Amino acid sequence: MDIFVMLTACVVFLASFFATVSGFGFALVATPLLSLFMDAKEAVVLVLLAGFVLRIITMVRNSTAFEWDTVLLVTAGSLIGIIPGSVALKIIHIEQLEIFLGVILLAATFLMGRRIEFEITNKTLGRLTAGILSGFFGSATSVSGPPLVLYFLNENMEKDLMRANMIWCFGLNGTLMLIGSYLAGTLQYVAMEPLNLLYSLAALLLGWWLGEQLFYKLNQHLFRRLSLLIVCAGAVGMLYSGIKELLM
């Protein structure tokens with residue numbers, strides 16, 4: 001097997017595995033790793049398409065486990081946040097946004113790791129705000145998951161419900177973004193070798209299957225720790241990327 005094909009399959013497997021276990025993080029894991037050895041445009045398109053396939057599978061598998069009112073509320077908030085996020089990207093350098101979000105996420109992860117949480121008196125407002133922040137940072141930095149994950153963890157939502165809600169929230173948002181990108185003409189097709197595509201799909205399905213097996217063996221405490229670990233890793237990656245770009 002070609003080393004390029006093997007590396008691509010390994011990255012897709014890891015991203016699929018962690019995204020299946022936690023309900024988020026496919027792009028957070030796959031994009032920076034693929035960009036190390038693949039053209040940036042090809043990496044983005046592969047992540048979009050592979051992530052879409054994984055979302056369809058997981059949405060079908062969790063079609064009765066999520067809360068419609070929560071998902072629609074978060075999605076509405078995300079759509080609201082996209083506009084100011086797009087404006088912020090035009091007036092603020094992306095590396096500054098990445099550093100800002102990285103610092104905020106690290107601080108929030110540290111506090112929640114220490115079991116320091118904030119009392120939520122209005123869940124409707126809280127979920128709408130989490131959706132707005134998710135949409136804002138998603139359109140400004142392409143990282144939309146952590147704000148929503150941290151909110152749900154702070155709400156102490158049960159792990160099965162939390163994962164199902166996140167799968168559907170990100171599934172709907174991702175589908176809308178894919179349609180919007182296509183209509184705007186910004187979704188460019190990048191040809192991939194059939195063998196690379198085939199192995200990537202096989203790796204994605206294997207990661208999904210193993211992730212499903214592990215998820216049901218995790219208790220609430222381990223699920224929380226894993227979610228915080230993925231958010232922390234994403235925050236460190238954003239800080240590194242932002243500081244690197246700032247110094248260049």
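Just so it is clear, the model here is predicted, and its values are computed rather than measured.

## Brief notes about the overall build of the protein
Phase 1: In terms of regular secondary structure, the protein is built from ten helices and zero strands.
Phase 2: Helices (α) and strands (β) of the protein occur, in sequence order from the N terminus, as α-α-α-α-α-α-α-α-α-α.
Phase 3: Taking 18 Å as the expected radius of gyration for a compact globule of 248 residues, we find that the protein reaches 17 Å, a close match to that expectation.
Phase 4: Across its three principal directions, the C-alpha atoms of the protein cover 55 × 45 × 35 Å.
Phase 5: Split into buried and exposed, the 248 residues of the protein put 45% on the buried side.
Phase 6: Partitioning the intrachain contacts of the protein with sequence separation of at least 6 by distance along the chain shows that 85% fall at a separation of at least 24.
Phase 7: Per element, the accessible surface of the protein, about 12900 Å² overall, is 71% carbon and sulfur.
Phase 8: Here the protein contributes 14 positively and 15 negatively charged side chains, and the mean placements of these two sets differ by 6 Å.

## Digging into the confidence of the model for the protein
Phase 1: Averaged over every residue, the pLDDT of the protein is 81; residues scoring 70 or more account for 91%.
Phase 2: Here helix α5 (residues 94–113) stands out as the least confident element of the protein, with mean pLDDT 78; helix α1 (residues 3–22) is the most confident, with 89.

## Some words on the side chain of serine 134
Phase 1: Structurally, serine 134 can be placed in helix α6 (residues 123–141).
Phase 2: Taking relative accessible area as the criterion, serine 134 reaches 2% and is therefore assigned buried.
Phase 3: Not counting residues within four places of it along the chain, the set of residues in contact with serine 134 comprises Ser144, Pro147 and Phe170.

## A closer look at the environment of glycine 211
Phase 1: In this structure, glycine 211 sits in helix α9 (residues 194–215).
Phase 2: Given the relative accessible area of 0%, glycine 211 is considered buried.
Phase 3: Between the C-alpha atoms of glycine 211 and serine 22, which are 189 residues apart in sequence, the distance is 8.6 Å.

## Focus on α1
Along an α-helix, residues three or four apart share an orientation, since each turn contains 3.6 residues.
Phase 1: For α1, built from 20 residues, the straight-helix expectation of 28 Å at 1.5 Å per residue is met to within 8% by its first-to-last C-alpha distance of 29 Å.
Phase 2: Within α1 the residues assigned to the buried category are Val5, Thr8, Ala9, Val11, Val12, Ala15, Ser16, Phe17, Ala19, Thr20, Val21 and Ser22.
Phase 3: At the C-terminal side of α1, glycine 23 shows a positive phi close to 95 degrees.

## Details of the nonpolar core
Phase 1: Membership of the largest hydrophobic core comes to 37 residues, with the highest contact counts inside it found for Phe24, Leu148, Val149, Phe152, Met162 and Met166.
Phase 2: Mapped onto this core, the elements with two or more residues apiece are α1, α4 (68–91), α5, α6, α7 (145–154), α8 (159–184) and α10 (220–247).
Phase 3: Contacts of methionine 166, omitting those with residues within four sequence positions, involve Ser22, Gly23, Phe24, Val149, Phe152 and Gly171.

## Remarks on the layout of surface pockets
Space left empty within the atom packing is revealed by a probe, the size of a water molecule, rolled over the atoms.
Phase 1: Approximately 440 Å³ is the volume attributed to the second largest pocket.
Phase 2: If you go around the second largest pocket, you meet 18 residues; those closest to its centre are Ala108, Leu133, Pro147, Leu150 and Tyr151.
Phase 3: For the lining of the second largest pocket, the leading source of residues is α5, giving six residues.
Phase 4: Here the lining of the second largest pocket is built from residues that sort into 14 nonpolar, three polar and one charged.

## Describing unusual backbone geometry
Phase 1: A positive phi angle, near 60 degrees, is found at asparagine 156, a position not held by glycine.
Phase 2: By the secondary structure assignment, asparagine 156 is in the loop between α7 and α8.
Phase 3: Judged by its relative accessible area of 46%, asparagine 156 falls in the partly exposed class.

Conventions used here
Residues numbered from 1 in each chain as written. Predicted model: local features only at pLDDT ≥ 70, side-chain atom pairs only at ≥ 80, totals over all residues. Heavy atoms only, no water. Helix = DSSP H or I, 4+ residues; strand = E, 2+ residues; numbered from the N terminus. Rg over C-alpha atoms; globule rule 2.2 N^0.38 Å. Buried < 20%, exposed > 50% of the residue type's maximum accessible area, 1.4 Å probe, protein only. Contact = heavy atoms within 4.5 Å. Areas by Shrake-Rupley, 256 points an atom, 1.4 Å probe, with all protein chains shown as cover. Lys, Arg positive; Asp, Glu negative; His and termini not counted. Charge placed at Lys NZ, Arg CZ, Asp CG, Glu CD. pLDDT = per-residue confidence, 0-100. Expected span 1.5 Å × (residues − 1). Core = buried A, V, L, I, M, F, W, Y, C linked by side-chain atoms within 4.5 Å. 1 Å grid on protein atoms, 1.4 Å probe; cavity = no way out; pocket = protein on both sides within 12 Å on 5 of 7 lines; lining within 4 Å. Points joined across faces, edges and corners; volume = space filled by probe spheres on them. Nonpolar A, V, L, I, M, F, W, Y, C, P; charged D, E, K, R; others polar.

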